[in-house]
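As a plain string of letters, each chain reads:
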Amino acid sequence: MVYDYLLNNYKEAEPIFFSDITVSGITKSAINQQLKKLCNEGKLEKYEKGVYYLPSKTRLKSASGVNADMVARYKYVSRCGRIDGFYSGNTFANQIGISIQVPNKVEIVSNNMTAKVKEVAIGKRIFIVRKSVVPVNEENVHVLQMLDLLKNLDAYVDENYDAARDKFCRFIQTYNITKNDVDCYIRKFPIAVFKYYYELRLNDVFT
């Protein structure tokens, strides 16, 4: 029954979190025992404590599975169509092109973190995960991601402010961020965000 549930709800090589598994009429203890049995039978693979996946077969017939970045994304950023966080710091600065630095530790802001900031080990990787100042969802994720980056902008900018402004303007336009979106959340962030927001003249984007 548990195996059928997994097949119906998960794709091959997709992280499966024990905490998410709910099967009517079966206790968590019984589910745990069935997961162990499925692993012994080769129908399921265990990535690390509490994280499993259905193995897929490549053309060479060798099993392929999940990796640390995928587990981190599912655990802290998004899974099952739900947005729980976003990439931040140097990670996001690199993604939008204001920095060419490739961080050793991926930075994430997430609803699924109780501590203000914590280094989390997943597989052989370390991720820096911070608690979000306000709950992240599909509607506000991009404006929160932008404002969060503005907190320490000077630490990430490789070129000048004009080049950085172009990247931010493109981001704003791509995700249809409005002035009202900014006004709703900017006061939740440190005063430095106001400073960089106006120095980059981002308010002009909305006029």
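Residues numbered from 1 in each chain as written. Predicted model: local features only at pLDDT ≥ 70, side-chain atom pairs only at ≥ 80, totals over all residues. Heavy atoms only, no water.

Visitor: Please clarify how the sheet that holds strand 3 (residues 51–53) should be interpreted in this entry.
Guide: Backbone-to-backbone hydrogen bonds join strands into a sheet, with any given pair of strands oriented parallel or antiparallel. Read across the sheet, three strands follow the order 1-3-2 without closing on themselves; strand pairing throughout is antiparallel. Taken across any chain shown, the strands that pair with only one partner, and hence form the sheet edges, are strand 1 (16–17) and strand 2 (45–48). Examined bridge by bridge, strand 1 and strand 3 share two bridges and lie antiparallel to one another. Each bridged residue has a counterpart across the sheet, and for isoleucine 16 the counterpart in strand 3 is tyrosine 52. (Pairing = 2+ DSSP bridges. Helix = DSSP H or I, 4+ residues; strand = E, 2+ residues; numbered from the N terminus.)

Visitor: Which parts of the structure should I look at to understand the packing of aromatic side chains?
Guide: A ring pair, where both rings are aromatic, is described by two values, the distance of the centres and the angle of the planes. All chains considered together, the criterion is met by five aromatic pairs. Taking the centre distance of 5.3 Å and the plane angle of 70 degrees together, the rings of phenylalanine 92 and phenylalanine 171 count as edge-to-face. Of this pair, phenylalanine 92 sits in helix 4 (residues 89–96) while phenylalanine 171 sits in helix 6 (residues 161–174); the two residues are 79 residues apart in sequence, bridging distant segments of the chain. Of the two residues, phenylalanine 92 and phenylalanine 171, both sit in the buried class. Ring centres of tyrosine 197 and tyrosine 198 lie 5.1 Å apart, and the angle between their planes is 90 degrees; on these two criteria the pair is classed as edge-to-face. Owing to a relative accessible area of 1%, tyrosine 197 belongs among the buried residues under this scheme. (Phe/Tyr/Trp six-rings, centres within 6.5 Å; stacked < 30°, edge-to-face > 60°. Buried < 20%, exposed > 50% of the residue type's maximum accessible area, 1.4 Å probe, protein only.)

Visitor: Quick question: what am I supposed to make of the packing of helix 1 (residues 2–9) against helix 2 (residues 28–40) here?
Guide: When two helices pack together, their arrangement is given by the angle between the helix axes and the distance between those axes. Their axes nearest at 10 Å, the elements helix 1 and helix 2 cross at an angle of 80 degrees. The angle between the axes of helix 1 and helix 2 places the two elements in the roughly perpendicular class. Counting all contacts with helix 1, which are made through Val2, Tyr3 and Leu6, the residues of helix 2 involved are Ile31, Gln34, Leu35 and Leu38. (Axes fitted to C-alpha atoms, helices over the stretch in contact; angles between N-to-C directions. Parallel < 35°, antiparallel > 145°, perpendicular 65-115°, else oblique. Contact = heavy atoms within 4.5 Å.)

Visitor: It is not clear to me how the pattern of salt bridges should be interpreted in this structure. Could you clarify?
Guide: Per the stated rule, a full pass over the model turns up 10 salt bridges. Put simply, aspartate 20 and arginine 79 hold a salt bridge, and the shortest N to O gap is 2.7 Å. One end of the pair, aspartate 20, is in the loop between strand 1 and helix 2; the other, arginine 79, is in strand 6 (residues 78–79), and 59 residues separate them in sequence. By relative accessible area, arginine 79 is classed as buried at 11%. Here glutamate 119 ties to lysine 105 by a salt bridge, and the two come within 2.9 Å at their closest N and O atoms. Of this pair, glutamate 119 sits in strand 10 (residues 117–122) while lysine 105 sits in the loop between helix 4 and strand 9 (106–110), and the two are 14 residues apart along the sequence. Take glutamate 119: its relative accessible area is 48%, and that puts it in the partly exposed class. (Salt bridge = Lys/Arg side-chain N within 4 Å of Asp/Glu carboxyl O.)

Keep in mind these values describe shape, not function.
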